[in-house]
Amino acid sequence: MTAATRFAIDNCPVCSDSDAAPWLSAAGFELVKCKRCGHHYATEAFATDVLSSEYYDESDDAMRARAVESKRERYFADYLPLLQAAGVN
């Protein structure tokens, strides 16, 4: 991905103020803290179409199946023991 695939975020997404202080650099992004409301945000973001093509290069059906499997695994790992401890069958 190139810098052209990003768009600038010039104002705080919470209060719309443009006065921000540098806070952190991570994964090629500059993060700032709004001086007005204290919200932390990135100064750039990827366009939606770039995210779609670069990160979600799979069919909707495949994504749904992956999400269902993930929820099923979480259920058995996290919730089932709690339900069993509570005496729910």
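Each remark here, short or long, concerns the structure printed above.
About the cut-offs
Residues numbered from 1 in each chain as written. Predicted model: local features only at pLDDT ≥ 70, side-chain atom pairs only at ≥ 80, totals over all residues. Heavy atoms only, no water. Pairing = 2+ DSSP bridges. Helix = DSSP H or I, 4+ residues; strand = E, 2+ residues; numbered from the N terminus. Salt bridge = Lys/Arg side-chain N within 4 Å of Asp/Glu carboxyl O. Buried < 20%, exposed > 50% of the residue type's maximum accessible area, 1.4 Å probe, protein only. Axes fitted to C-alpha atoms, helices over the stretch in contact; angles between N-to-C directions. Phe/Tyr/Trp six-rings, centres within 6.5 Å; stacked < 30°, edge-to-face > 60°. Lys NZ or Arg CZ within 6 Å of the ring centre and 35° of its normal.

A. Inspection of the pairing of strand β2 (residues 20-26) at higher detail. Where β2 meets strand β3 (residues 29-34), six bridges bridge the pair, whose relative direction is antiparallel. Note on β3: the bridge partner recorded for A26 is F29.

B. Structural detail: the pattern of salt bridges. Inspection of every chain in the model, using the stated rule, returns four salt bridges. For D61, the salt bridge identified is with R64, shortest N-O distance 2.6 Å. One end of the pair is D61 and the other is R64, both in helix α2 (residues 60-85) and three residues apart, which spans about a single turn. For D61, a relative accessible area of 54% gives the class exposed. In this structure, R72 engages E69 in a salt bridge whose closest nitrogen and oxygen atoms are separated by 2.9 Å. Taken together, the residues span about one helical turn, with R72 and E69 both in helix α2 at a distance of three residues.

C. Region of interest: unusual backbone geometry. The phi dihedral of S16 falls on the positive side, at around 70°, and the residue is not glycine. Position of S16 among the secondary structure elements: in the loop between β1 (6-8) and β2. Within the chain, A27 stands out as a residue other than glycine whose phi angle is a positive 50°. Residue A27 is classed as exposed on the basis of its relative accessible area of 75%.

D. Local environment of the sheet that holds strand β4 (residues 40-42). Within the open sheet, the three strands sit side by side as β2-β3-β4. Their pairing is antiparallel. A single partner strand is all that each edge strand has here, and the edge strands are β2 and β4. The sheet shows a mean angle of 30° between the axes of neighbouring strands, direction not considered.

E. Quick peek at the packing of aromatic side chains. All chains considered together, the criterion is met by one aromatic pair. One cation-aromatic arrangement involves R6 over F29; the distance from NZ or CZ to the ring centre is 4.1 Å.

Everything listed here is a matter of coordinates, which is why it stays silent on function.
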